[in-house]
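# Residue-level structure breakdown
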Amino acid sequence: MEKETTILIVEDEEKIARFLELELRHEGYQVLKANGGRSGLALAESGGADLMVLDVMLPEMNGFEVLRRLRKTSKLPVIMLTARDEVMDKVAGLDGGADDYMTKPFAIEELLARIRLALKKRGAELQKEDMLTYGELGMDLARHEVRYAGEPVSLTPREFELLRVLLANKNIVLSRDVLLEKVCGYDYPGETNVIDVYVRYLRSKLDDVYHVKLIQTVRGVGYCIRE
Ligand code: CA
């Protein structure tokens, strides 16, 4: 079964929050609720929601401030609710990174349509972010899968990470030091030549099998995947 979509409602007016909750549950969404800016931000940052419906006028911290803080770390889709039909609010909301806004009182069908749209847009973005490709090579980051011309390629976690870093930085030559740090972490005690070893493993699993020249050695500098 597919994971249920969770909508976070941040709204201090209990009547509106309750109404939204019922409508969203009826549509098959899971619902989280917060009645203040701080608790709403905390819930959004905890990562349990797929979209947030955020009221502007809130106790503790207003909706714009919640959005401003959230956007430092998260691309969670946000639909702002504003009581005032003021152009300034809308502009501030959209400039602040809101995906959409609705003016109260709103028609629930319109809000539901905007929620579906924002979720769809984010879903497409996530799918793109989760895929890295190069010619016939495809890396699905969410599923941790690598395929060449549709055939699965089995990589160890370090090989996978090295290939991911090289593919994510296509056309950029990365030094062994940089690769070591990105693949093995800052405090890895080993020598940078472990990168040479992993590159050799990757070549034996990809280049040698599929007769391609995937990872280029840039002498004296490092490695690179070139378009
Ligand atoms: Ca309010």
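Described in the following lines is the structure provided in the data block. Just so you know, these numbers come straight off a predicted model, no measurement behind them.

Next up on the list: the overall build of the chain. For the chain, the count of helices and strands is 9 helices and 12 strands. Relative to the compact-globule value of 17 Å for 227 residues, the chain shows a C-alpha radius of gyration of 23 Å, a clear excess of over 25%. When the 227 residues of the chain are sorted by exposure, 41% land in the buried category. If you take every contact in the chain between residues at least 6 apart in sequence, the share linking residues at least 24 apart comes to 55%. Carbon and sulfur atoms make up 51% of the accessible area of the chain, which totals about 12,800 Å². Mean positive and mean negative side-chain charge positions of the chain (33 and 39 charges, respectively) differ by 4 Å.

It is worth spelling out the coordination of the calcium ion at this point. Around the calcium ion, the protein contributes the donor atoms Asp12 (OD), Asp55 (OD) and Met57 (O), at 2.1 to 2.3 Å from the metal centre. Spacing between the donor residues of the calcium ion along their common chain follows D-x42-D-x1-M. With a relative accessible area of 48%, Met57 lands in the partly exposed category.

Here we come to the layout of surface pockets. Empty space among the atoms can be located by rolling a probe the size of a water molecule over them. Looking at the second largest pocket, its volume works out to about 240 Å³. In this structure, the second largest pocket is lined by Gly123, Leu126, Gln127, Asp130, Met131, Asp140, Ala142 and Arg143. Examining the composition of the lining of the second largest pocket, we find that 3 residues originate from one element, helix H5 (residues 108-129), more than from any other. For the lining of the second largest pocket, a count of residues per class yields 3 nonpolar, 2 polar and 3 charged.

Moving on, we come to the packing of helix H6 (residues 157-168) against helix H8 (residues 193-205). Following both chains from N to C, one finds H6 and H8 inclined at 90 degrees, their axes separated by 10 Å at the closest point. Here H6 is positioned roughly perpendicular relative to H8, judged by the angle of their axes. For the pair formed by H6 and H8, the contact residues are Arg158, Glu159, Leu162 and Leu163 on the first element and Ile195, Tyr198, Val199, Tyr201, Leu202 and Lys205 on the second. Among the residues making up the contact of H6 with H8, the classes are represented as 7 nonpolar, no polar and 3 charged.

This part is about H6. Compared with the 16 Å implied by 1.5 Å per residue over 12 residues, the 16 Å span of H6 between its first and last C-alpha is a close match. Looking only at H6, the buried set comprises Glu159, Phe160, Leu162, Leu163, Val165, Leu166 and Leu167.

Throughout the structure, instances matching the rule amount to 18 salt bridges. When the shortest N-O distance is used, the salt bridge between Glu65 and Arg68 registers 2.9 Å. Taken together, the residues Glu65 and Arg68, both in helix H3 (residues 63-70) and 3 residues apart, mark about one turn of the helix. Taking the relative accessible area as the measure of exposure, Glu65 reaches 21% and is therefore partly exposed. Among the ionic pairs, Glu65 bridges to Arg69, the shortest N-O distance being 2.8 Å. Residue Glu65 and its partner Arg69 are located together in helix H3, separated by 4 residues, close to a single helical turn. A network of salt bridges, in which partner residues are shared, links Glu14, Arg18, Glu21, Arg25 and Lys33.

Conventions used here
- Residues numbered from 1 in each chain as written.
- Predicted model: local features only at pLDDT ≥ 70, side-chain atom pairs only at ≥ 80, totals over all residues.
- Heavy atoms only, no water.
- Helix = DSSP H or I, 4+ residues; strand = E, 2+ residues; numbered from the N terminus.
- Rg over C-alpha atoms; globule rule 2.2 N^0.38 Å.
- Buried < 20%, exposed > 50% of the residue type's maximum accessible area, 1.4 Å probe, protein only.
- Contact = heavy atoms within 4.5 Å.
- Areas by Shrake-Rupley, 256 points an atom, 1.4 Å probe, with all protein chains shown as cover.
- Lys, Arg positive; Asp, Glu negative; His and termini not counted.
- Charge placed at Lys NZ, Arg CZ, Asp CG, Glu CD.
- Donors = N, O, S within 2.8 Å, 3.2 Å for Na, K, Ca; no water.
- 1 Å grid on protein atoms, 1.4 Å probe; cavity = no way out; pocket = protein on both sides within 12 Å on 5 of 7 lines; lining within 4 Å.
- Points joined across faces, edges and corners; volume = space filled by probe spheres on them.
- Nonpolar A, V, L, I, M, F, W, Y, C, P; charged D, E, K, R; others polar.
- Axes fitted to C-alpha atoms, helices over the stretch in contact; angles between N-to-C directions.
- Parallel < 35°, antiparallel > 145°, perpendicular 65-115°, else oblique.
- Expected span 1.5 Å × (residues − 1).
- Salt bridge = Lys/Arg side-chain N within 4 Å of Asp/Glu carboxyl O.

All quantities given are derived from atomic positions and should not be read as evidence of function.
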